[in-house]
Amino acid sequence: MSQILRNGLTILRQGGDKMDCVMCKGLMEAKTINHIVDKDGHITIVKNVPALVCKQCGENFIDNSVAIKLEELLNKYSNSNVEVLIVNYIEKVA
Ligand SMILES: [Zn+2]
């Protein structure tokens, strides 16, 4: 399994929801997480991002397709002058 790190996220190149945690081999659980990006003092919080969360160590893994959409969302809102911006992933993407 290969993984890359982008925007502080561990992104899996392989899909599927049946897998072990790459950190501790623990059981992964499909959940939604809040992804927080701090860019030049502008904080963007993206809520309800679908992810796999390790039941054992709490490590988050985001599917590549989700990561691409997340990046598009962040680019879209990166010009905002608001200091803290909260975006709901499910509302904006689904
Ligand atoms: Zn783990």
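Note: the structure precedes this text.
Just so it is clear, the model here is predicted, and its values are computed rather than measured.

Draft legend 1. Examining the environment of Leu52 more closely. Here Leu52 lies in strand S4 (residues 42-54). C-alpha of Leu52 to C-alpha of Thr32: the two residues are 20 residues apart in sequence and 7.8 Å apart in space.

Draft legend 2. Representation of unusual backbone geometry. Its identity is not glycine, yet Asp40 carries a phi of approximately 50 degrees, on the positive side. For Asp40, the location among the structural elements is in the loop between strand S3 (28-39) and S4. Asp40 sits in the exposed class, given 6 other C-beta atoms within 10 Å. The backbone of Asn48 shows a phi angle near 60 degrees, a positive value even though the residue is not glycine. By the secondary structure assignment, Asn48 is in strand S4. By C-beta crowding, Asn48 is classed as partly exposed, having 18 other C-beta atoms within 10 Å.

Draft legend 3. Spatial organisation of helix H1 (residues 64-77). Counted at 1.5 Å a residue, the expected span for H1 with its 14 residues is 20 Å, and the 20 Å between its end C-alpha atoms agrees. Every buried residue belonging to H1 is among Ala67, Leu70 and Leu73, and all of these are buried. The arc that holds the buried residues of H1, viewed along the axis, is 120 degrees, so those residues lie on one side. Away from its buried face, by an angle of more than 90 degrees, H1 presents the exposed residues Ser65, Glu72, Asn75 and Lys76.

Draft legend 4. Inspection of the environment of Ala30 at higher detail. Looking at the element boundaries, Ala30 is found in strand S3. Among the residues examined, Ala30 registers 10 C-beta atoms within 10 Å and is labelled exposed.

Cut-offs applied
- Residues numbered from 1 in each chain as written.
- Predicted model: local features only at pLDDT ≥ 70, side-chain atom pairs only at ≥ 80, totals over all residues.
- Helix = DSSP H or I, 4+ residues; strand = E, 2+ residues; numbered from the N terminus.
- Buried ≥ 20, exposed ≤ 12 C-beta atoms within 10 Å, placed from the backbone.
- Expected span 1.5 Å × (residues − 1).
- Arc of directions from axis to C-beta.

None of this, on its own, says anything about what the molecule does.
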